[in-house]
Structure formats: C-alpha cells, structure tokens
Amino acid sequence: MSASLSYLERSKLHSNPTAKAFLELMERKKSNLSVAADLNKKAALIELADKVGPYICLLKTHIDVVEDFDQDLVDQLTALAKKHDFMIFEDRKFADIGNTVKLQYGSGIYKIASWSDITNAHMVPGEGIVQGLREVGLPLNRAMLLLAEMSSAGTLAKGDYTVKTVEVARKYKDFVVGFIAMERYADKEGDDFIYMTPGVGLDQTSDGMGQQWKHPREVVFDRGCDVIIVGRGIYGNGRDAAKEAKRYQEAGWNAYVERISK
Ligand code: 5IU
C-alpha cells in the first residue's frame, strides 16, 4: 500500500522526526538517490559530497575507512548537508549486544550519534541491539534501519531471518524507520517502512567480489524500494561524479513517478 503513496504523503505517517523530514526532503528535492561515499581521504570525501550534493537525498558514509578523520571532517560534511539539503547515513552496521553498541554509537572517536541522521544494524544479536541504539538515538531525534537483506552473493540474511527482522522493526517503529533490503515486504496495518537498496548500477552488473548491481528501475519500480544507494557507479573509474549523480537521480526519480502513477 505505501509503495503507491508519494513520499510526501508518507511523511505524514511517521512519528520519527528524521523519517518525516527525510521523506519531505526527497519530495522537495526530487531525489531518491543516496551516494555511497566509500573514500579513504577526507579531502576526497568532502569534494565528492560537494559535487553530488545537489542531486542526492542522503550521503552514505563509512567513516571508519577515512585515514585522516577528524572532527573538522564531520563539521564540513554537516555544513554541506545544510548547503545542499541532504541527510547523512553512517552505514555502521552495528552488530554487538545492546550495551556495547550504545558505546559504539555515542562515544569513541567518531561519536556517530552526534552527526549521523540515520544509522543501521544487523539483527544477529537479537532485539537488544535496537534497545541499546534507541536509548542513545531517540533523545537526539535520530533514526535507524535494520539490515533485513544484503546485496552480496551468498548473503545469509534471508528467509526467516528477514521475517524476524521485520517483526522487530514493527516493535520499535519510533526509531526503526526502515530497512536495507532488496525488495519491499508485505505491509501490515500501520506499516510505512523506508526501503533503501544498495547494489545499484546502470552500466555494470557485478564487481567480481560478490557485489551484484541492479538497474534503478528494477529496484524502485519492480521491487518497490524507496532509495537507491550507488557508490562506484557514480565515482568509480574516473567518472564525472556530478554528471553520473544527475543521471542516477533521474533514473531513480522516474522509476518512482512511474510506480506511484500506476
Ligand atoms: N552495501 C552493499 N550491500 C549491502 C549493504 C551495504 O553494497 O547489502 I547492507 C554498501 C557497501 C557500499 C555500498 O558502501 O553499499 C555499495 O557501493 P557500490 O555501489 O560501489 O557497490
């Protein structure tokens, strides 16, 4: 049901302020594109964020790969998020018990909760992981996604694991606002999850290391997902990142418009 509603209509169904603001932002900017900025130098990451900023709704980071990380990087990224109107998603994939993830999320060098609008976690440890992250994130108005599936070949996140993950998300809807998933699951009354999908490419289907890339239309129109996450398709192989981002923004948005008008 929610696959046929506009992002703006769906923003009204959320109580989580980040989810609400994110869906409004997507509509305002006409973008369901997230760029996966897997770069290991601060300057390169800032340059990419500035180039693709006008076309994206969400910058996905792996902050722990940045060799020269410092607080100034965070300050610059959050300033770019304001300038270009996008949100930040630290793809941390927490995977420990509740008490440990609380520390990993709120403290350490990165202090992820202080700057990342959205983060995510594996369900392997059980629902304590959500309770731990929620304790830190909710007072800061943050949101999280659960990893219900992965894009890589041979992933163990499937079947019953995925079903149980969705059940936990329903229990903590004030904080768990969506999934990393490869397709949209059947809605239950009151569901409106945001589906974000990595493994998206217009030109190639595989990287030879297990990654599998699908066309944006397959992801958004056929499979009903909401956000396409694109990395190397935009910045790899000396590509013109701004030009590619525009191309992916249009492909993702057209597939969404087609979906809600069917
Ligand atoms: N990513 C995946 N698959 C997954 C999950 C995360 O590719 O199932 I969860 C991340 C890894 C990388 C980005 O940061 O999404 C995809 O980048 P490429 O478009 O360059 O493959």
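Residues numbered from 1 in each chain as written. Predicted model: local features only at pLDDT ≥ 70, side-chain atom pairs only at ≥ 80, totals over all residues. Heavy atoms only, no water.

Chemist: An account of the packing of helix α3 (residues 42-52) against helix α10 (residues 241-260) is requested, with residue identities and associated values reported.
Modeler: Remark: α3 packs on α10, axes separated minimally by 8 Å, with the N-to-C direction vectors making an angle of 45°. As far as their axial angle goes, α10 and α3 are oblique. Here α3 and α10 pass one another in a crossing that is right-handed. Contacts from Leu-48, Lys-51 and Val-52 of α3 reach α10 at Ala-241, Ala-242 and Ala-245. Of the residues contributing to the contact of α3 with α10, the split by class is five nonpolar, no polar and one charged. (Axes fitted to C-alpha atoms, helices over the stretch in contact; angles between N-to-C directions. Helix = DSSP H or I, 4+ residues; strand = E, 2+ residues; numbered from the N terminus. Parallel < 35°, antiparallel > 145°, perpendicular 65-115°, else oblique. Left-handed = near helix turned anticlockwise from the far one by under 90°. Contact = heavy atoms within 4.5 Å. Nonpolar A, V, L, I, M, F, W, Y, C, P; charged D, E, K, R; others polar.)

Chemist: Kindly report on the site of the ligand, identifying the contributing residues and their values.
Modeler: With respect to spatial proximity, 16 residues lie near the ligand, and among them Lys-60, Ser-151, Gln-211, Gly-231 and Arg-232 are the closest. Lys-60 is positioned with one of its side-chain polar atoms (N or O) 2.8 Å from an oxygen atom of the ligand. Contact between the ligand and Gly-231: an oxygen atom at 2.8 Å from a main-chain N or O atom of the residue. Across the complex, the protein chains shield 92% of the 500 Å² of accessible surface that the ligand would expose by itself. (Near = heavy atom within 4 Å. Polar contact = N/O pair within 3.5 Å; in protein donor to acceptor, adjacent residues only side chain to side chain. Areas by Shrake-Rupley, 256 points an atom, 1.4 Å probe, with all protein chains shown as cover.)

Chemist: So what's going on with the packing of helix α5 (residues 98-106) against helix α6 (residues 128-137)? Residues and values would help.
Modeler: Interaxial distance between α5 and α6 falls to 7 Å at its minimum, and their mutual angle equals 35°. Where α5 crosses over α6, the handedness of that crossing is right-handed. Between α5, through Gly-98, Val-101, Lys-102, Tyr-105 and Gly-106, and α6, the contact on the second element is made entirely by Gly-128, Ile-129, Gly-132, Leu-133, Glu-135, Val-136 and Gly-137. For the contact of α5 with α6, the residue count by class is five nonpolar, five polar and two charged.

Chemist: Could you give an account of the sheet that holds strand β7 (residues 194-197), naming the residues involved and the relevant values?
Modeler: Spatially, β1-β2-β3-β4-β5-β6-β7-β8 is the arrangement adopted by the eight strands of the closed barrel, whose pairing is parallel. Strand-to-strand, the axes of this sheet are offset by a mean angle of 25°, without reference to chain direction. The sheet contact formed by strand β5 (residues 143-147) and strand β6 (residues 176-180) spans four bridges and is parallel. By the bridge assignment, Leu-147 is partnered in β6 with Ile-180. (Pairing = 2+ DSSP bridges.)

Chemist: Lay out helix α2 (residues 17-29) in plain terms, naming residues and giving numbers.
Modeler: Every α-helix carries 3.6 residues per turn, so stepping three or four residues along brings you back to the same face. Given a rise of 1.5 Å per residue, 13 residues ought to cover 18 Å, and the 18 Å separating the end C-alpha atoms of α2 matches this to within 8%. Along α2, the positions that sit buried rather than exposed are Thr-18, Ala-19, Phe-22, Leu-23, Leu-25, Met-26 and Lys-29. Buried residues of α2, seen end-on, are gathered within an arc of 155° and therefore sit on one face of the element. In this structure Asn-16 caps α2, since a side-chain oxygen of it lies 2.9 Å from the backbone nitrogen of Thr-18. One or two steps after α2, the chain reaches Lys-30, where phi turns positive at roughly 50°. (Expected span 1.5 Å × (residues − 1). Buried < 20%, exposed > 50% of the residue type's maximum accessible area, 1.4 Å probe, protein only. Arc of directions from axis to C-beta.)

Chemist: Give a description of the UniProt feature "active site" (unreviewed entry) in the protein chain that names residues and reports values.
Modeler: When the UniProt feature table is mapped to this numbering, "active site" (unreviewed entry) covers Asp-91, Lys-93 and Asp-96. Structurally, Lys-93 can be placed in strand β3 (residues 87-94). Taking relative accessible area as the criterion, Lys-93 reaches 24% and is therefore assigned partly exposed. Once residues lying within four places of it in the same chain are set aside, the contact partners of Lys-93 are His-62, Asn-120, Ala-121, His-122, Leu-147 and Met-150. At 2.9 Å, the side chain of Lys-93 forms a polar contact with the side chain of Asp-91. (UniProt positions renumbered as here; feature names shortened; annotations may be inferred.)

Chemist: Please set out the UniProt feature "domain: Orotidine 5'-phosphate decarboxylase" (unreviewed entry) in the protein chain residue by residue, giving values where relevant.
Modeler: When the UniProt feature table is mapped onto this chain, "domain: Orotidine 5'-phosphate decarboxylase" (unreviewed entry) is found at residues 32-247. The span residues 32-247 is 34% helical and 18% strand by assignment, and the distance between its end C-alpha atoms comes to 12 Å.

Chemist: Lay out the environment of Val-257 with the relevant residues and their values.
Modeler: Positionally, Val-257 belongs in helix α10. Assessed through its relative accessible area of 35%, Val-257 is described here as partly exposed. Residues Val-257 and Tyr-185, spaced 72 residues apart in sequence, show a C-alpha to C-alpha distance of 20 Å.

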